[in-house]
Amino acid sequence: MSSRFDPGAKASNRGVAPVIYGTGERPPRGDYASAREDFTCEQHWERYTAQEHTLYRRLCERQTAQLAGLACGEFIEAVGQLGDPRQIPRFDDLSDTLRRATGWQIVAVPGLIPEEAFFALLAKRRFPVTSWLRNPDEFDYVVEPDVFHDLFGHVPLLFDPMFADYMQAYGEGGLKARDLQACEYLARLYWYTVEFGLIDTPAGLRAYGAGILSSAGELRYSVMSPVPQRLGFDLTRIMRTSYKIDSYQASYFVIDSFAQLIAATAPDFAPIYERLARAPGLAADERLATDRVF
Ligand code: PHE
Ligand code: CO
């Protein structure tokens, strides 16, 4: 992956599906030895350096400046709730604010965690946030999710009651998918919604996916570029579609509303998984006659 490193062409701090833990080429970056059994750990806020707070501020500034016209309204409304953008938030303080809004909390983790632990936390409305911040030379691109991606990208929408419910349902669905050996399908749903989802609004297409919203380049690319295809949300179609982990996405899927997302994912997935096991997979850039093209 690093041999093809090209910051100009890549998504900055794009999302990484939780399923790849332990399978990467590099050793994990965080301190897993100090983590608890559920993979949560102490944030150790006092250990952040002044340089790290400054880097976090610069990341926030760059990203906040381009939200208008590209990020969905729910995200823009909530991003201020992250607190003082000049320093890395204290997770405990942010959790108090978030708990009052939607019952969610954030918990520190050393980095990517095994899918089972990830699903279990989400099912309990606890969102795992990586405690470490990228290095200055990773300003434009970081391979794994860091505290900036996890906080800035994911936490604002946890303030939205509907999206908050979707994330918990996803966690519960993950525990079930694991028993059905269907995590790969569910990971694709996560990827194309939570990380790279677009939403159709009266004002035009907007991003709600955290991988896009925390990316310096992909936010504008995903909404505006003529290169990628933007297709209407289709649950089983998404679950068949592979995705790019080392470049901008070839396809983005567009929901009409969070209500649509919740309604489409409410049915029992067990029979869907069974059918998918017999359906051919789709390449990330494939186009079907049945696709609704934006
Ligand atoms: N309805 C899904 C199931 O039965 C659970 C789920 C909900 C999964 C929302 C993802 C998102 O497995
Ligand atoms: Co993410």
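Up top you'll find the structure we're talking about.
Undergrad: Describe the sheet that holds strand 6 (residues 251-255), listing the residues and the values that go with them.
TA: Strand order in the open sheet formed by four strands is 4-3-6-5, and the pairing between neighbours is mixed. Of all the strands in the sheet, just strand 4 (204-207) and strand 5 (229-232) have a single pairing partner and so form its edges. Going from strand to strand, the sheet's axes swing by 35° on average, the running direction of each strand aside. Pairing analysis gives four bridges linking strand 3 (residues 198-201) to strand 4, with the strands arranged antiparallel. Counted as the bridge partner of Thr201 is Gly204 from strand 4.

Undergrad: So what's going on with the pattern of salt bridges? Which residues, and what values?
TA: Scanning the model with the defined rule gives 15 salt bridges in all. Asp165 is the salt-bridge partner of Arg125, the closest N and O atoms lying 3.2 Å from each other. With Arg125 in the loop between helix 4 (115-123) and strand 2 (126-130) and Asp165 in helix 6 (residues 161-179), this residue pair connects regions lying 40 residues apart in the sequence. Classification of Asp165 as partly exposed rests on a relative accessible area of 40%. A single network of salt bridges, built from pairs that share partners, joins Glu116, Arg178 and Asp179.

Undergrad: So what's going on with the coordination of the cobalt ion (ligand 2)? Residues and values would help.
TA: Protein-derived coordination of the cobalt ion (ligand 2) comes from His149 (NE2), His154 (NE2), Glu195 (OE) and Glu195 (OE), at a distance range of 2.0 to 2.8 Å. Classification of the site at the cobalt ion (ligand 2) as irregular follows from its four donor atoms and the range of 51 to 137° in their angles at the metal. When the donors of the cobalt ion (ligand 2) are listed by position in the chain, the intervening gaps give H-x4-H-x40-E. The exposure classification of His149 matches that of His154, with both residues buried.

Undergrad: Go over the site of ligand 1 with me, naming the residues and quoting the values.
TA: With respect to spatial proximity, the complete set of residues near ligand 1 consists of Tyr166, Ala169, Tyr170, Gly173, Lys176, Leu186, Leu189, Thr265, Ala266, Pro267, Asp268 and Phe269. Between ligand 1 and Ala266 there is a distance of 3.4 Å, counted from a nitrogen atom to a backbone nitrogen or oxygen. In this structure, a nitrogen atom belonging to ligand 1 sits 2.7 Å away from a main-chain N or O atom of Pro267. Protein burial of ligand 1: of its 320 Å² of free accessible surface, 92% is covered by the chains. Listed by contribution, the elements that provide at least two residues to the shell around ligand 1 are helix 6 and helix 7 (183-195).

Undergrad: Before we move on, could you go through the packing of helix 1 (residues 50-64) against helix 5 (residues 147-154) and cite the residues and values that matter?
TA: Closest axis-to-axis distance for the helix 1/helix 5 pair is 11 Å, and the angle between their directions is 40°. Relative to helix 5, the element helix 1 is oriented oblique. Where helix 1 crosses over helix 5, the two elements pack in a sense that is right-handed. Residues Tyr56, Leu59, Cys60, Gln63 and Thr64 of helix 1 form the contact with helix 5, whose own contacting residues are Phe148, Leu151 and Phe152. Partitioned by chemical class, the residues of the contact of helix 1 with helix 5 number six nonpolar, two polar and no charged.

Conventions we followed
- Throughout, a residue's number is its position along its own chain's written sequence, starting from 1.
- Whichever chain is written first becomes A and whichever ligand is written first becomes 1, with later ones labelled in order.
- Per-residue local features of the predicted model are confined to residues with pLDDT of at least 70, and side-chain atom pairs are confined, for both listing and counting, to 80 or more; whole-chain, interface and lining totals are unaffected and use all residues.
- In computing side-chain properties, one takes all heavy atoms of the structure into account and sets aside hydrogens as well as water.
- For two strands to be treated as a pair, DSSP must find at least two bridges joining them.
- In DSSP terms, a helix is any run of H or I states spanning at least four residues, a strand is any run of E spanning at least two, and both are numbered starting from the N terminus.
- Every axis in this analysis is a line fitted to C-alpha atoms, fitted for helices over the stretch in contact. Angles between the N-to-C directions lie between 0 and 180 degrees.
- Whenever a carboxyl oxygen of Asp or Glu lies within 4 Å of a side-chain nitrogen of Lys or Arg, that contact is scored as a salt bridge.
- Think of it in three bands: residues with accessible area under 20% of the maximum for their type are buried, residues over 50% are exposed, and the middle band is partly exposed, with areas taken using a 1.4 Å probe on protein chains only.
- Each metal's donors comprise the N, O and S atoms found within 2.8 Å of it (within 3.2 Å for Na, K or Ca). Water is not part of the atom list, so some coordination spheres may appear incomplete.
- Metal sites are grouped by the angles between bound donors: all angles between 85 and 135 degrees with four donors is tetrahedral, opposite donors over 155 degrees apart with the others between 65 and 115 is square planar for four donors and octahedral for six, and any other pattern is irregular.
- Any residue with at least one heavy atom within 4 Å of a molecule or strand is counted as near it.
- Think of a polar contact as two N or O atoms within 3.5 Å of one another; within protein, one of them needs to be a possible hydrogen donor and the other a possible acceptor, and neighboring residues in sequence only count if both atoms come from side chains.
- Here the accessible surface of atoms and residues is derived via Shrake-Rupley with a 1.4 Å probe, and residues count as covered only by protein chains that are part of the display.
- Every angle not falling under 35 degrees, over 145, or within 65 to 115 is termed oblique; those three ranges are roughly parallel, roughly antiparallel and roughly perpendicular.
- Crossing handedness is read from the near helix: turned anticlockwise from the far helix by less than a right angle, it gives a left-handed crossing, and turned clockwise, a right-handed one.
- Note on contacts: a residue pair is in contact if any heavy atoms of the two residues lie within 4.5 Å.
- Under the scheme applied, nonpolar residues are Ala, Val, Leu, Ile, Met, Phe, Trp, Tyr, Cys and Pro; charged residues are Asp, Glu, Lys and Arg; polar residues are all the others, including Gly.

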